[in-house]
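# A structural walkthrough
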Amino acid sequence: MIRLRQLRLPIDHKEEALHALVCKKLRMPGLTRDAWHIHQRAVDARKGKPLQFSYTVDVQLSEEEAILERLEKRSRGQISRAPDQHYHFLDQSCSSGTHRPVIIGTGPAGLFAGLLLARLGLKPILFERGKQAGPRARDVTKFWRTGAFEPESNVQFGEGGAGTFSDGKLYTQIKDRENRCRQVLRELAAHGAPEDILVNARPHIGTDRLILVLRRLRETIFDLGGEIRYESKMTDLLVEGGAVRGIRLASGDEVRADQVILAVGHSARDVFEHLAALGVPMEAKSFSIGTRIEHPQAMIDRTQYGRWAGHARLGSAAYRFVHHGRDKRSVYSFCMCPGGLVVGATSEPERLVTNGMSSYARDEANANAGFMVEVRPGDFPNSDDPLAGMRFQRELEAKAFQLGGGDYRAPAQMLGDFVKGKGTSELGDVRPSFRPGVTLTDLRECLPPFVVKALQESIPNIARRLPGFDRHDAILTAIESRSSSPLRVTRGDDLQSTGLRGLYPAGEGAGYAGGIISAAVDGLRVAEAVAATASSPSQ
Ligand SMILES: Cc1cc2nc3c(=O)[nH]c(=O)nc-3n(C[C@H](O)[C@H](O)[C@H](O)COP(=O)(O)OP(=O)(O)OC[C@H]3O[C@@H](n4cnc5c(N)ncnc54)[C@H](O)[C@@H]3O)c2cc1C
């Protein structure tokens, strides 16, 4: 297979134009259309250049060697052999261990670990504290409508994990030498995600489609002999002689297992307290605190796409930014949701947590993003204690809850007022999307002073790159505190806990991922490690 890169065409190009360009680059006017397929499509938005699409195309030819010899050297990297994209781990055969592997959590890390172990014939059992996606969605919608909070069925807990109610952005900056990212995208597409996730450089699914995908993934795990038990919270790890021997559930039932994948996400604070009590090695790590920021999507489309704003092929525009402040603390956009909603995402009562989500169509009036400030362990008290970051988050979330009025409305402020250091009493043109509603206030009352300062200082710089970002009536909603885990459960080269054999910490909660794809990829890595150590016949 030959790969052609940087095939650039105008946004409104005709379908045939790409075929003509492929033929031209290969100097093969007679090439048939079925000889090539698009590997990737990106929007090329370099400053000073016209907005255009940039395609990467893979071509299947019989005389590849001769063509590469003729064209590769002079192509300036545009033409080369296509890299191997196969996920080789699935080619292995595995024998199962004494007990079936157990996975705690059905977020992306747990589900993809489960799917791989099931495909390898190891019949994993997955335990999920929350409900299946359907009933979970009803609880979450009710919470957003009325403020009726369910501690075990919410935006963080339940089938699909934290990403179920999300924009479903499916990109990551992690390296992918073993093709795990590609494998995750292939599995998602095979289970009902839009096929375009396999070619778009910035793929997304949207909450509406994700729920269907989850149902199909669940069915595949069942069909392959795996099991998923919902409303089954793990309360204890059973430990003997420095190794895991099983788990205990909230019901009191015990399940024997020599290999437990712990993929509980960053909000399973009770699990981290339990690990600390067991003496499982953990360390504090940096995380972030901030707010959501909302602007009109039409404004973001204009700033990003200029005259092409609103073009059907482009959809709603996204943005990202990073700003390094005077003390080298970074301020950055997180989980930007074009045409989305700001949502309540707490997993604990009487705490307020914001995040963002979109449907596949991304057709809501506002664009929103986390507006985050890096928090380092030295920024909060007792930072030698791995649980100190978690306590700091809790304290801020409780303050935000009180500031919002104590009924799950979120505290909110206009950006212009935030910059001037005065509370908001009246909104401008931008309407906050948060439900059940917001309380207009002064966010300095719930944000740490160093976060306020870093956000305020970054605004002029960001607005230079993203005109309109600093508009007076942009809405800030607080508090965005769960963008990543405040701790890491340390693991060795074999991906097992450094203090407890048989425990495989995985995904975002354990500190090894930040997002849907990287969590799913970490789930695959850990499952590969589990499969590699499984040996004796199954029970
Ligand atoms: C609203 C929102 C929007 C987001 N949008 C995006 C996005 O667009 N793109 C992106 O890449 N990332 C997004 N994220 C982040 C992404 O969802 C997470 O990075 C990802 O889900 C982490 O995967 P995980 O499997 O490690 O953990 P999680 O997804 O958190 O899953 C952990 C699972 O473990 C279960 N669990 C916890 N404790 C126990 C226990 N004791 N017993 C049994 N089960 C337990 C939980 O119920 C949960 O289902 C978003 C997050 C949120 C909240």
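Attention in this report is confined to the structure presented alongside it. (Residues numbered from 1 in each chain as written. Predicted model: local features only at pLDDT ≥ 70, side-chain atom pairs only at ≥ 80, totals over all residues. Heavy atoms only, no water.)

### Here's the deal with the site of the ligand
As a matter of local geometry, the ligand sits amid 37 residues, with Glu128, Gly158, Ala162, Glu508 and Ile516 nearest to it. One of the backbone nitrogen or oxygen atoms of Pro108 is found 3.2 Å away from an oxygen atom of the ligand. Interatomic distance of 2.8 Å between a backbone N/O atom of Ala162 and an oxygen atom of the ligand. Taking 1000 Å² as the accessible area of the ligand by itself, protein coverage stands at 97%. Contributing elements (two or more residues each) for the shell around the ligand: helix H3 (108-119), strand S17 (354-357) and helix H12 (516-533). Here the residues of the shell around the ligand sort into 16 nonpolar, 15 polar and six charged. Here the shell around the ligand gathers at least three residues from each of two domains, domain 2 (94-281 + 489-533) and domain 3 (286-480). (Near = heavy atom within 4 Å. Polar contact = N/O pair within 3.5 Å; in protein donor to acceptor, adjacent residues only side chain to side chain. Areas by Shrake-Rupley, 256 points an atom, 1.4 Å probe, with all protein chains shown as cover. Helix = DSSP H or I, 4+ residues; strand = E, 2+ residues; numbered from the N terminus. Nonpolar A, V, L, I, M, F, W, Y, C, P; charged D, E, K, R; others polar. Domains from an automatic or database assignment.)

### Brief notes about the packing of helix H5 (residues 180-190) against H12
As a packed pair, H5 and H12 sit with axes 9 Å apart at the nearest point and diverge in direction by 110 degrees. With respect to H12, the axis of H5 lies roughly perpendicular. Along its contact with H5, which presents Arg180, Cys181, Gln183, Val184 and Leu185, the element H12 presents Ile517, Ala520, Val521, Leu524, Arg525 and Glu528. Of the residues belonging to the contact of H5 with H12, the class tally is seven nonpolar, one polar and three charged. (Axes fitted to C-alpha atoms, helices over the stretch in contact; angles between N-to-C directions. Parallel < 35°, antiparallel > 145°, perpendicular 65-115°, else oblique. Contact = heavy atoms within 4.5 Å.)

### Things to note about unusual backbone geometry
Of the consecutive residues Arg435 and Pro436, the connecting peptide bond is found in the cis state with omega at 10 degrees. Inspection of the secondary structure assignment puts Pro436 in the loop between helix H10 (415-420) and strand S20 (438-440). Of note, the amide linkage connecting Ala478 to Ile479 takes the cis form, showing an omega dihedral of 10 degrees. Within the secondary structure, Ile479 sits in strand S21 (residues 475-480). We note that Arg76 has phi near 50 degrees; this positive angle belongs to a residue other than glycine. With respect to the helices and strands, Arg76 occurs in the loop between helix H2 (64-71) and strand S4 (79-81). At Tyr408, a residue that is not glycine, the phi angle is positive and equals roughly 75 degrees. Within the secondary structure, Tyr408 sits in the loop between helix H9 (388-403) and strand S19 (410-414). Judged by relative accessible area, which is 9%, Tyr408 ranks as buried. (Buried < 20%, exposed > 50% of the residue type's maximum accessible area, 1.4 Å probe, protein only.)

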